[in-house]
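# Observations on the three-dimensional arrangement
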Amino acid sequence: MAPMTADRRPLLNRRLAEFGTTIFAEMSALAVRTGALNLGQGFPDADGPEEVREAAVRALREGRGNQYPPGPGVPELRQAVAAHQERFYGHLGVTCDPDREVLVTAGATEAIAASLLGLVEPGDEVIALEPYYDSYAASIAMAGGTRVPVTLRPGEDGAYHLDLDELRDAVTDRTRLLLLNSPHNPTGTVLRREELAAIAELCRERDLLAVTDEVYEHLVFDGEHLPLASFPGMRDRTVTISSAGKTFSFTGWKVGWVTGSAELVTAVRSAKQYLTFVSAGPFQYAVAEALALPDAYYTALREDLREKRDLLSQGLAEAGFGVFRPAGTYFVTADIRPLGAESGLDFCLGLPERCGVVAVPTQVFYDHQAAGAPYVRFAFCKRHDVLAEAARRLKGAG
């Protein structure tokens, strides 16, 4: 075989050249290597409801889903998703046809990728709220789009805020869609009714589509979750995405879904069918049962995480961090400057050795990394005893 030459064409597609191993994989590997408490990656350290796990076991034993499930998802889950939307948002006018307007995906990550691949043409601009979940940038790149960040900025009230004027100014004749995440990871921002109304008005005025990542819809502690699709004129413009992982604490099952008009769902399915084709057959039946759990489950989940948010936030404040209290999700952002540090990346790389805790540097979620440099993200979807121990250890973080 001829030796490789220095001018050989790079193996990696240029669209993905800026993306390496995800920060979550890197920091979780660091946690394993050092034996540190992993508050970096957003997965619970305990399984969800026993009855949901048993539903998956029952489906396996009964042979349901052990072979390829239907491409759009098993009917039971599509019906359960439609029922969930009407149950929680029907009073806002949200309904969907389980046969034409629901698509099951391999988690929300595939739903995002398939939505962008199905709706974005090369050269289209996609606006995303910065800091953003890292798969957003990669999915926009794979679709050949151009990402345009609009930055959420921390305020003196201890929360992050969207500048609607900046959002309007970001829209050009090349803008195809807005990629929104509320409740927002990593900042914990929950977009308010007036903000969503302004976004809906902008979409109507400029003929824009919206893809909304709503996986933390049931994890709102302050305010309320309002689907963008419920606002006037947005039903036929919005692809709504959610998943079972965050709501039921079975992140490894990778069961997500898309809802929207039949035309939009068809466009997403056109891309999705060539990604995983189908996935998680038996788990789809289990998630269908999970979505029908009583209101008491959803309330208990929210209240448990509210307590955990407050426990970790207090611990971070006592350790000397500046704390941005999240209104939703299960992440809290902290400012490291009161501890005399400036680089979140350097801080997080050294934190496991200093005090045995892993966090994620927020700057990796920015195009403008300087804006996120002094901030780090901690996950509080862990057991109370783990969070209490992490808070104790973090007192030596400075």
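Everything discussed here concerns the structure shown above.
Definitions and cut-offs
- Residues numbered from 1 in each chain as written.
- Predicted model: local features only at pLDDT ≥ 70, side-chain atom pairs only at ≥ 80, totals over all residues.
- Heavy atoms only, no water.
- Core = buried A, V, L, I, M, F, W, Y, C linked by side-chain atoms within 4.5 Å.
- Buried < 20%, exposed > 50% of the residue type's maximum accessible area, 1.4 Å probe, protein only.
- Contact = heavy atoms within 4.5 Å.
- Patch = residues over 30% accessible without salt bridge, like charges linked within 9 Å, V, L, I, M, F, W, Y side chains within 5 Å.
- Areas by Shrake-Rupley, 256 points an atom, 1.4 Å probe, with all protein chains shown as cover.
- Salt bridge = Lys/Arg side-chain N within 4 Å of Asp/Glu carboxyl O.
- Helix = DSSP H or I, 4+ residues; strand = E, 2+ residues; numbered from the N terminus.
- Pairing = 2+ DSSP bridges.
- Axes fitted to C-alpha atoms, helices over the stretch in contact; angles between N-to-C directions.
- Parallel < 35°, antiparallel > 145°, perpendicular 65-115°, else oblique.
- Left-handed = near helix turned anticlockwise from the far one by under 90°.
- Nonpolar A, V, L, I, M, F, W, Y, C, P; charged D, E, K, R; others polar.

This brings us to the nonpolar core. In this structure, Phe321, Phe378 and Leu394 are the most contacted members of the largest nonpolar core, which totals 102 residues. Not counting residues up to four positions away in its chain, the partners in contact with phenylalanine 378 are Leu39, Leu312, Leu316, Phe321, Tyr330, Phe331, Val332, Ala334, Leu351, Val357, Ala359 and Leu394.

Moving on, we come to a nonpolar patch on the surface. The grouping of Leu117, Met142 and Leu275 at the surface amounts to a nonpolar patch, some 240 Å² of accessible area in total. With respect to the helices and strands, the residue leucine 117 is situated in helix 4 (residues 107–119). You can call leucine 117 partly exposed: its relative accessible area is 33%.

So, on to the pairing of strand 12 (residues 331–335). Where burial is concerned, most of strand 12 is hidden: 5 out of the 5 residues are buried. Bridge analysis of strand 11 (residues 322–324) against strand 12 gives 3 bridges, and the strand direction is antiparallel. Residue pairing for strand 12: glycine 322 is matched across the bridge by aspartate 335. Where strand 11 folds back onto strand 12 in an antiparallel hairpin, the turn is made up of 6 residues, including threonine 329, whose phi is positive at roughly 70 degrees. Across 5 bridges, the pairing between strand 12 and strand 15 (residues 375–379) is antiparallel. Note that in strand 15 the partner of threonine 333 across the bridge is arginine 377.

In contact at an axis separation of 8 Å, helix 4 and helix 5 (residues 134–142) are set at 30 degrees when each is read in the N-to-C sense. Taken together, the axis directions place helix 4 and helix 5 in an arrangement best described as roughly parallel. Crossing handedness for the pair helix 4 and helix 5: right-handed. Each of Thr109, Ile112, Ala113, Leu116 and Leu117 in helix 4 lies in contact with helix 5, whose residues at this interface are Ser135, Tyr136, Ser139, Ile140 and Met142. Here the residues of the contact of helix 4 with helix 5 are counted per class, giving 7 nonpolar, 3 polar and no charged.

Counting buried positions over the 9 residues of helix 5 gives 8, a clear majority of the element. Residues of helix 5 that are buried: Asp134, Ser135, Tyr136, Ala137, Ala138, Ser139, Ile140 and Ala141. Buried-residue contacts for helix 5 involve helix 1 (23–34), helix 4, strand 3 (125–130), strand 4 (146–151), strand 7 (175–181) and strand 8 (209–213). Glycine 144, located one to two residues past helix 5, shows a positive phi value of around 80 degrees.

Moving on, we get to the sheet that holds strand 14 (residues 360–361). The strand order 11-12-15-14 describes an open sheet built from 4 strands, whose pairing is antiparallel. The open sheet has two free edges, formed respectively by strand 11 and strand 14, since each of these has just one partner strand. By the bridge criterion, 2 bridges tie strand 14 to strand 15 in an arrangement that is antiparallel. Residue pairing across strands places valine 360 opposite arginine 377, the latter belonging to strand 15. Along the sheet, helix 12 (residues 344–355) contacts strand 14 and strand 15; its crossing angle with strand 15, the most-contacted strand, is approximately 45 degrees.

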